[in-house]
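So the chains spell out like this:
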Amino acid sequence: MLNTIGVYGLGVMGSNIALNMASKGERVAVYNYTRDLTDKLVQRLEGQTITPYYDLEAFVQSLAKPRKIFIMVTAGKAIDSVIHSLLPLLEEGDLLMDGGNSHYKDTERRYDELKAKGIGYLGIGISGGEIGALTGPSIMPGGDPDVYERVAPILTKIAAQVEGDPCCVYIGPKGAGHFVKMVHNGIEYADMQLIAEAYTFLRKKLGLSVDEIADIFDEWNQGELKSYLIEITAEILRKRDDITGLPLIDVILDKAGQKGTGKWTSIQAIDNGIPTSIITEALFARYISSLKEERMAAETILAGPDEAQQSLDKQVWVEYVRQALYMGKVCAYAQGFTQYKMTSELYDWKLPLKDIALIFRGGCIIRANFLNVISEAYQEQPNLANLLISPYFAEKVKVYQTGLRKVVCEGIQSGISFPCLSASLTYYDSYRTGTSNANLLQAQRDYFGAHTYERNDLEGVFHTNWQA
């Protein structure tokens, strides 16, 4: 009996996707360029309908036509290499799917090249990490809708399920799926950094122990901050080091890595004039964290503020931090969904914003309860310019701005770096300012570069001889 789908690439994600598919009743052929990963997966098989292949042609020929092959290899040149090796073995009507973190522009190039050869191509964003791939990730497919429909029964089965609905929906044409995953990762960067800054305030400013902070995050996870990242932060803080007995967080070196998707999010936003300051500050925070040796040296040279010790009411300030974190997260998601909206308009993708929010509720790293509210906001106002002005969030931030302002001001006066909390406050205040200081900027541009300006009382474009 022929296999229904093939998985090429058997690293952690590819192996778990294959196991997920088999557990949902699919007959899965698997292949890896090197034998070791195939053998490793074989050792995990316990009667699943997975057949390993060590010859690429045999792998392809084992698939029912039109063939469906899921590519799970490292983004970049490796994807092109795999496609190049598969093409001579494929026939018109066959379908390739890229489930890696490819740049959406690369996906669009591959889509065009394969469409010209009669081969379907889907760029599929997958979020959920190792566990999500096995038990149900959030899936973001982009490409031709009729091509998606051919694999929709499989993708919707292996996706996370929330309230009976799969966390998988058709996103849009060409590279739209990988674009949505890219920005998802940018939001993830911001969300993680905001949580880290809240933790810093609780520990450095309020003097709470790691265990006390874990209890606070547990409590927050029972309310409107309920999310995967809040949940795992509490678990992380409770973990003890087997060697020293200390909280494990205290022996982990403070250098954060990144794999490029956050950077791509910021670059795309900058290229297209989309304000994503919180996401970009989260990226820069990771960059400066990598300068560990320089930071250690600078600590001995550069002075912080002279601050008289003052006692803060811990109960009151824990609530301020909760408000600040919630509002920061709202602002970060507002920036991410604004990037979706503006890019969708730029490329005429017609991204389904309300559905994107819904498929983020399960499987993915940024899953959170308030995604239901985000979806409802776009359901009620499909052309909503910004989440901040939706009725629910406008009322919420009206109250919570107090906590954000107090935490940012107190932290800055104490010399604590708050790149994302402060960027959230700046974004909020900038967005709600109807008349800004940009008139002075434009006057300066006209003065030194004759760049012209518009007036607020007359139509047209003007230039002034400022030195006359």
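Residues numbered from 1 in each chain as written. Predicted model: local features only at pLDDT ≥ 70, side-chain atom pairs only at ≥ 80, totals over all residues. Heavy atoms only, no water.

As recorded in an unreviewed UniProt entry, the chain goes by 6-phosphogluconate dehydrogenase, decarboxylating and comes from Laceyella sacchari. Under Function (unreviewed entry), UniProt gives the following word-for-word description of the chain: "Catalyzes the oxidative decarboxylation of 6-phosphogluconate to ribulose 5-phosphate and CO(2), with concomitant reduction of NADP to NADPH." (UniProt positions renumbered as here; feature names shortened; annotations may be inferred.)

Asker: Just to check I follow, could you spell out the sheet that holds strand S7 (residues 138-142) for this structure?
Answerer: The strands that make up a sheet are held in pairs by hydrogen bonds between backbone atoms, and each pair lies either parallel or antiparallel. If you walk across this open sheet you meet the seven strands as S3-S2-S1-S4-S5-S6-S7, and the pairing is mixed. Of all the strands in the sheet, the pair left with one neighbour each is strand S3 (50-53) and S7. Going across the sheet, the axis of each strand differs from the next one's by a mean of 25°, ignoring polarity. In this structure, strand S2 (residues 28-31) lies alongside S3, joined through four bridges in parallel fashion. Among the inter-strand pairings, alanine 29 is bridged to a residue of S3, identified as threonine 51. (Pairing = 2+ DSSP bridges. Helix = DSSP H or I, 4+ residues; strand = E, 2+ residues; numbered from the N terminus. Axes fitted to C-alpha atoms, helices over the stretch in contact; angles between N-to-C directions.)

Asker: Hey, could you run me through the side chain of arginine 67 in this one?
Answerer: By the secondary structure assignment, arginine 67 is in the loop between helix H3 (56-61) and strand S4 (68-71). A distance of 3.2 Å separates a polar atom in the side chain of arginine 67 from the backbone oxygen of valine 60. Beyond its immediate stretch of four places on either side in the chain, arginine 67 contacts Val60, Gln61, Leu89, Leu90, Glu91, Asp94 and Leu95. (Polar contact = N/O pair within 3.5 Å; in protein donor to acceptor, adjacent residues only side chain to side chain. Contact = heavy atoms within 4.5 Å.)

Asker: Explanation requested: the packing of aromatic side chains in the structure shown.
Answerer: The geometry of an aromatic ring pair comes down to the distance between the two centres and the angle between the two planes. As enumerated under the stated definition, the model contains 26 aromatic pairs in all. Measuring from ring centre to ring centre gives 6.2 Å for phenylalanine 179 and tyrosine 340, while their planes differ by 70°; the resulting arrangement is edge-to-face. Taken together, the residues phenylalanine 179 in helix H8 (residues 176-205) and tyrosine 340 in helix H14 (residues 314-347) connect sequence positions 161 residues apart. The structure contains a cluster of three or more aromatic residues connected by ring pairs, namely Tyr104, Phe179, Phe337, Tyr340, Tyr347, Trp349 and Tyr378. When the ring centre of tyrosine 326 is taken as reference, the NZ or CZ atom of lysine 396 above it lies at 5.9 Å. (Phe/Tyr/Trp six-rings, centres within 6.5 Å; stacked < 30°, edge-to-face > 60°. Lys NZ or Arg CZ within 6 Å of the ring centre and 35° of its normal.)

Asker: How should the packing of helix H9 (residues 210-220) against helix H10 (residues 228-238) be read in this particular structure?
Answerer: Two numbers describe a pair of packed helices, the interaxial angle and the distance between the axes. Between H9 and H10, the shortest axis-to-axis distance is 8 Å and the interhelical angle comes to 160°. The angle between H9 and H10 places the two elements in the roughly antiparallel class. The element H9 and its partner H10 pack so that their crossing is left-handed. Contacts between H9 and H10 involve Val210, Asp211, Ile213, Ala214, Asp215, Phe217, Asp218 and Trp220 from the first element and Ile230, Thr233, Ala234, Leu237 and Arg238 from the second. Class assignment for the residues of the contact of H9 with H10 results in eight nonpolar, one polar and four charged. (Parallel < 35°, antiparallel > 145°, perpendicular 65-115°, else oblique. Left-handed = near helix turned anticlockwise from the far one by under 90°. Nonpolar A, V, L, I, M, F, W, Y, C, P; charged D, E, K, R; others polar.)

Asker: Help me out: how do you make sense of the pattern of salt bridges in this one?
Answerer: Any two side chains of opposite charge can pair, so long as their charged atoms come close to each other. In total, this model carries 30 salt bridges according to the counting rule given. In this structure, the salt-bridge partner of aspartate 211 is arginine 240, at a minimum N-O distance of 3.1 Å. You can see aspartate 211 sitting in helix H9 and its partner arginine 240 sitting in the loop between H10 and helix H11 (261-271), a full 29 residues away along the chain. Among the residues examined, aspartate 211 registers a relative accessible area of 33% and is labelled partly exposed. One continuous salt-bridge network, built from bridges that share partners, spans Asp80, Asp98, Asp106, Arg109, Arg110 and Glu113. (Salt bridge = Lys/Arg side-chain N within 4 Å of Asp/Glu carboxyl O. Buried < 20%, exposed > 50% of the residue type's maximum accessible area, 1.4 Å probe, protein only.)

Asker: Even after reading the chapter, I still don't get helix H5 (residues 104-115), so can you show me in this structure?
Answerer: In an α-helix, one turn spans 3.6 residues, which is why side chains three or four residues apart end up on the same side. With 12 residues, H5 extends 16 Å between its outermost C-alpha atoms, agreeing within 8% with the 16 Å of an ideal straight helix rising 1.5 Å per residue. Burial in H5 covers these residues: Tyr104, Thr107, Glu108, Arg110, Tyr111 and Leu114. Taken end-on, H5 shows its buried residues confined to a sector of 165°, consistent with a single buried face. Structurally, H5 contributes buried residues whose contacts are with helix H4 (77-86), strand S5 (95-98), strand S6 (120-127), H8, H11 and H14. (Expected span 1.5 Å × (residues − 1). Arc of directions from axis to C-beta.)

Asker: Honestly, unusual backbone geometry in this entry has me stumped. Any pointers?
Answerer: A negative phi angle characterises most non-glycine residues, just as the trans form characterises most peptide bonds. Between lysine 65 and the following residue, proline 66, the backbone shows a cis peptide bond with an omega angle of -10°. As for its position among the elements, proline 66 is in the loop between H3 and S4. A positive phi angle, near 55°, is found at glutamate 163, a position not held by glycine. Within the chain, lysine 350 stands out as a residue other than glycine whose phi angle is a positive 55°. Here lysine 350 lies in the loop between H14 and helix H15 (353-359).

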